[in-house]
Structure formats: C-alpha cells, structure tokens
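Topology and contacts: notes
Here is what each chain is made of, one letter per residue.
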Amino acid sequence: MSKRGYIYRYLLIVKKLQASKYASFEELKSYLDSNFDFMQMQDDTLTVGLSLRTLQRDIKEIRNTFNVNIEYSRSEKGYFIDNMEVDNVNFQRRIEAFDMFNSLNIAKDITPFVHLEKRRPEGTDNLYLLLQAIKKKVVVKFSYEKFWKEEITTREFEPYGLKEFKYRWYVLGKETKDNVVKTFGLDRISDLEITNRKFKLPKEYNIEEQFRYSFGIISPNAEEPEEIILSFDPVQGKYIKTLALHHEQEEIVSNSKEFRIKLKLYITHDLVMELLSYGKNLKVIAPAKLVKRIKDEHKKAFEQYK
C-alpha cells in the first residue's frame, strides 16, 4: 500500500470515531469496507479487510502522525478518542486539505464536476520558510512592495507568527529598524532570506490574544475593543449563524423578523468593509460611532451615482 493509502485509512478511522463516541472493531471494519471503493481510488494495491493486528498498528501510527490518541474502553466495548486534538483547528484544516487533495487527484479532468474559483495561491510559497524562522526564532530579510506605493523596500524582521485572512497569509512580528510590531502580506514578499541571527520572543506575546478582539489583520495597540450589536434580516441571519462573523459572537435575538448578535471587537477598516458588504441586509445598532461611520460610507457610495 502507498503512503497516501495508509494515511487515508488513518483519517477514515479518526472520522468514524469523531462521528461515534465509541466504535467496536466490527464497526470500524464495516466502515472501512463501505469506503473501500473510494479508498481503492487512492491506492489500487489495496485489499479488502481489516485485521485486529492491523488496527492496533494503525492506532499507533495515528498517534505518531496526528497526535490523536485512540484507546479501547472495556465497559463500552469500543474504541474512542482520548484527547481533544481532533477539535484543534490545525488538525481540521489538515483533514480538509487532504480530503481536497484526494478528491482533486481522483478526477484527472475535474472541469465537468467541480467549479473552482479562478484565483492563485497568495504568498503560500513563503509559508514553510517563515514557519521555520518562527520556530527557530531567527531574523529574516525580504523585499516588500506595498499596494499603494510603487517602490520595493528591504526589511529585516523578527517573525512572531502567521495569520490567514480572506485567502491571504500574513506574517506578524517586529521590524528591527524601529522595533515596531507590524504585519506584512506574504503575497507582497519576495527574495525571502533566513539569517542566522537569533531573537527573543517577548514573553507576553500571544498571537491568539493579540487578535482575540480583531476582525481581519488589524489589531490596534492604543484602543479598547467595543461592544457591537448587529441586526441581520432573517435570511442573512441563517448564513451568519452557520458561518459566524467572529468566533466569539453571541446570539441575542433569532426569530422571523431578525437575527441579532453581540460582539466585542476593535472598530477597524477591515470590520467596516465587511459590514458594508451586507448592504441593506444589515443594520448596525451600536455603538453610535460605528452607526455613523457605516451611514457615512453608504452615503459616499450613493453620492457617486448622482
């Protein structure tokens, strides 16, 4: 069996245990058998059947490969996942990426079946090197071109972390020339160089905490997050309910007239642009300064058509 065939079987086992808190050996075997045709598309050397010995080996490899610990409960007479790694966003994205890779790999010509967005990866070619620099805590050098300036500048930078937003990747850290924490878009970085100069990550720095109250990539240092109340029409509300505007949004009204949520966020350009995109389907309730800003922006847009 190929390496891809093994990994796909591991993921099927994990998926089954995610869907069923406990699963017996027979249930796992039946689940794999029911997916055999699809598994064979990944690896045509596969043979049907799963032995207890093979399952034990797979459980060990799943622990080593994905950091997912599977145990057996005698009282429940079934296998179960003994840690929460499967709820980790990174793990879920790995499964998503592998599923997408396998699905696209099966169909040599996917055009009749799948319509993909016409876009290219934005800066992902620099992801691996930057991640290595972050882990090793070494300074990087690169050329950078801003959208609003037709000039390329050379930067020296202490990379602290990576963030994704709207199909683009950004690196966050401190520029050495002025010791200011900044954000750079990976799609505008070129000539990336990893130096051997080490830096110390500030003890208080936490990327999750830095963006806890942010929508997008802007995280103001001198401002406080504010309580924001938004009212969507019922149809738009269904989308916001299933694909949250922000992971900490709180639902306060949900009926046939409106879907209302409360958030605590910085009022940034990224947030304002997102709210404007909902047009008449959204009414901003609070705070007053955000209401005014949205009204002013809509007015400016309207003035262009006079």
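**Quick look at the overall build of the chain**
Secondary structure assignment for the chain yields 10 helices and 11 strands. As displayed, the chain has an accessible area near 19,700 Å², and 51% of this comes from carbon and sulfur atoms.

**Quick look at the sheet that holds strand E10 (residues 259-265)**
The four strands are arranged E9-E10-E8-E11 in an open sheet whose pairing can be described as antiparallel. Two strands in the sheet have a free side with no partner beyond their single neighbour: strand E9 (250-254) and strand E11 (282-286). Averaged over all adjacent pairs, the angle separating strand axes in this sheet is 25 degrees, with direction ignored.

**Observations regarding the nonpolar core**
Counting residues in hydrophobic clusters, the biggest one holds 23 residues, and the most contacted among them are Ile228, Leu230, Phe232, Leu275 and Leu290. Listing elements by their share of this core, those giving two or more residues are strand E8 (226-232), E10, helix H9 (269-276), E11 and helix H10 (288-303). Ignoring any residue separated from it by four or fewer positions in sequence, one finds Leu290 in contact with Ile228, Ile267, Val272, Leu275 and Val284. Core analysis: the next-biggest nonpolar cluster, separate from the first, contains 22 residues, Val14, Leu17, Leu55 and Ile95 among them.

**A word on the sheet that holds strand E4 (residues 152-165)**
Strands sit in the order E6-E5-E4-E3-E7 across an open sheet of five strands; the sheet is antiparallel. Only two strands of the sheet have a single partner each, and these edge strands are strand E6 (180-185) and strand E7 (189-198). Along the sheet, successive strands turn relative to each other by an average axial angle of 45 degrees, direction set aside. Looking at chain direction, strand E3 (residues 138-145) and E4 are connected through six bridges and run antiparallel. Paired with Tyr144 across the two strands is Thr153, which belongs to E4.

**Quick look at the packing of aromatic side chains**
Given two aromatic rings, their pairing is described by the distance between the two centres and the angle made by the two planes. The full count for this structure, using the stated rule, is 11 aromatic pairs. Taken together, a centroid distance of 4.9 Å and an interplanar angle of 65 degrees make the contact between Tyr72 and Tyr79 edge-to-face. For Tyr79, a relative accessible area of 6% puts it in the buried group. Measuring from ring centre to ring centre gives 5.0 Å for Tyr160 and Tyr205, while their planes differ by 55 degrees; the resulting arrangement is tilted. With Tyr160 in strand E4 and Tyr205 in the loop between E7 and helix H7 (207-210), this pair connects stretches of sequence that are 45 residues apart. Classification of Tyr160 as buried rests on a relative accessible area of 7%. We note Lys163 situated over the ring of Phe211; from NZ or CZ to the ring centre the distance is 4.8 Å.

Scoring rules and cut-offs
- Residues numbered from 1 in each chain as written.
- Predicted model: local features only at pLDDT ≥ 70, side-chain atom pairs only at ≥ 80, totals over all residues.
- Heavy atoms only, no water.
- Helix = DSSP H or I, 4+ residues; strand = E, 2+ residues; numbered from the N terminus.
- Areas by Shrake-Rupley, 256 points an atom, 1.4 Å probe, with all protein chains shown as cover.
- Pairing = 2+ DSSP bridges.
- Axes fitted to C-alpha atoms, helices over the stretch in contact; angles between N-to-C directions.
- Core = buried A, V, L, I, M, F, W, Y, C linked by side-chain atoms within 4.5 Å.
- Buried < 20%, exposed > 50% of the residue type's maximum accessible area, 1.4 Å probe, protein only.
- Contact = heavy atoms within 4.5 Å.
- Phe/Tyr/Trp six-rings, centres within 6.5 Å; stacked < 30°, edge-to-face > 60°.
- Lys NZ or Arg CZ within 6 Å of the ring centre and 35° of its normal.

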